[in-house]
Amino acid sequence: MIYRLLALNIDGTVLQTNGKLHKSTKEAIEYVQQKGIYVTLVTSRSFPSARKVAKALKIKMPLVTHQGAYIAGSEEKPIYVKRINEGITYDIVRFFEALPCQIRLVHEQFSLANKFKIQNDLLSKTIFTTGEPFVYSQQFVNSLSEYLHDQPMTPSKIEVYFEKKRDLLDAKAALEKMYSEVEAYELDPLRIDIVPTGASKLTGLTYLGNQFGIKLKEMVYIGDGLDDIPVIEAVGLGVSMGNAPFAVKKASDWVTRSENDQGVAYMVMEHFRKQQPIEFLRKMKIIKP
């Protein structure tokens, strides 16, 4: 199979646990792009945060961000946007404010969160190292519902961070029964992302592929999270990182090394060195112009 697009998750995939990009990862992405293969990022991160990583990797293609609800190459000209309407956003916030959790409303220009203090040290570190506060405006308020009452908001995504897995499971189940307008994705045992119904990493990547005339079977996807499983199963070659949970590895066609062992670079160089440049394949009429 000839692959024309490489899609990558960010956290736990292209970034090491210290939040940095390894030199070999940059070199591998450059190598793939020189072969004429498109490269994009597919992430739960906000667009400004993902764009910062894309710039470091010299990725020019539009990015699938906000868990698939926001696709853009630039903030000025998004090519796909889905939002949670004002009323549903307000109701969801009121629902979660009754629980011990941090609620974060994510917009492409800013984010808004309550001041709930996360007691779980590991979770606090995870939230802090997403890089979001250093990329665009992040505001904290005492009461999100009071803020939204005066200043309604239509986020493309709502992140909720819990201290206990039981609270997450109960809240997710209740949410799914109450609202058909949104879907909740469990990223890990203590976090869910809520997006408009129909938005997901898979639908976002499919939409992007259609814009460039690329089918899912012509794509390679590398990820590590539970929300990556549908994409890994749908593309032509689904790859999981060595640090991924067992369920993610089980769903994949290929398991590479961990993020700290340059798993992306290893997989890319092992596989794509065997594929001829896209331009050569066109000249040989192996693929269509």
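The structure this text deals with has already been given above.
Because the structure is predicted, anything quoted here is derived from the model rather than measured.

A short note on the packing of helix H2 (residues 23-34) against helix H11 (residues 263-272)
Packing of H2 against H11 brings their axes to within 8 Å, and their N-to-C directions diverge by 30 degrees. Put simply, H2 runs roughly parallel to H11. As H2 packs across H11, the resulting crossing turns out to be left-handed. Every residue of H11 that contacts H2 at Ser24, Thr25, Ala28, Ile29, Tyr31 and Val32 is listed here: Val264, Ala265, Val268, Met269 and Phe272. Across the contact of H2 with H11, the residue classes break down as nine nonpolar, two polar and no charged.

Regarding the environment of Lys117
Structurally, the position occupied by Lys117 is in the loop between strand S7 (110-114) and helix H5 (121-128). C-alpha separation for the pair Lys117 and Leu168, spaced 51 residues apart in sequence, amounts to 17 Å.

Details of the packing of aromatic side chains
Applying the stated criterion to the full structure yields five aromatic pairs. Measuring from centroid to centroid gives 5.7 Å for Phe47 and Tyr70, while their planes differ by 55 degrees, and the two rings are tilted. Of this pair, Phe47 sits in helix H3 (residues 47-57) while Tyr70 is found in strand S4 (residues 70-72), placing the two residues 23 residues apart along the sequence. Ring plane angle 65 degrees and centroid distance 6.1 Å describe the contact between Phe96 and Phe162, whose orientation is recorded as edge-to-face. Separated by 66 residues along the polypeptide, Phe96 in helix H4 (residues 86-96) and Phe162 in strand S9 (residues 157-162) bring together distant segments of the chain. Each member of the aromatic cluster is reached from another via a ring pair, and the members are Phe95, Phe96 and Phe162. Against the face of Tyr266 rests Arg257, its NZ or CZ located 3.8 Å from the ring centre.

Describing the sheet that holds strand S3 (residues 63-65)
Strand order in the open sheet made by the three strands is S3-S4-S5, with antiparallel pairing throughout. In this open sheet, the two strands that pair with only one neighbour each are S3 and strand S5 (78-81). On average, each strand axis in the sheet is tilted by 15 degrees relative to the strand beside it, whichever way the strands run. As paired elements, S3 and S4 share three bridges and run antiparallel to each other. Each residue of the ladder has a partner; that of Thr65, found in S4, is Tyr70. Across the sheet, H3 is in contact with S3 and S4; its angle to S3 comes to roughly 145 degrees.

Section: the nonpolar core
Counting 54 residues, the largest nonpolar core has Leu6, Leu8, Leu41, Ile59, Leu205, Val220 and Ile222 as its most contacted members. Apart from residues lying up to four places away in sequence, Leu41 is in contact with Leu8, Ile10, Ala50, Val53, Ala54, Leu57, Ile59, Leu63 and Val64.

A few points about the sheet that holds strand S13 (residues 237-240)
Strand pairing in a sheet takes place through backbone hydrogen bonds and is either antiparallel or parallel in direction. The strand order S2-S1-S12-S13-S14 describes an open sheet built from five strands, whose pairing is parallel. Where the open sheet ends on each side, the last strands, each with one partner, are strand S2 (38-41) and strand S14 (254-255). Of the strands in this sheet, strand S1 (5-8), strand S12 (219-223), S13 and S14 are in contact with H11, which crosses S12 at around 160 degrees.

Thresholds, definitions, all that
Residues numbered from 1 in each chain as written. Predicted model: local features only at pLDDT ≥ 70, side-chain atom pairs only at ≥ 80, totals over all residues. Heavy atoms only, no water. Axes fitted to C-alpha atoms, helices over the stretch in contact; angles between N-to-C directions. Helix = DSSP H or I, 4+ residues; strand = E, 2+ residues; numbered from the N terminus. Parallel < 35°, antiparallel > 145°, perpendicular 65-115°, else oblique. Left-handed = near helix turned anticlockwise from the far one by under 90°. Contact = heavy atoms within 4.5 Å. Nonpolar A, V, L, I, M, F, W, Y, C, P; charged D, E, K, R; others polar. Phe/Tyr/Trp six-rings, centres within 6.5 Å; stacked < 30°, edge-to-face > 60°. Lys NZ or Arg CZ within 6 Å of the ring centre and 35° of its normal. Pairing = 2+ DSSP bridges. Core = buried A, V, L, I, M, F, W, Y, C linked by side-chain atoms within 4.5 Å. Buried < 20%, exposed > 50% of the residue type's maximum accessible area, 1.4 Å probe, protein only.

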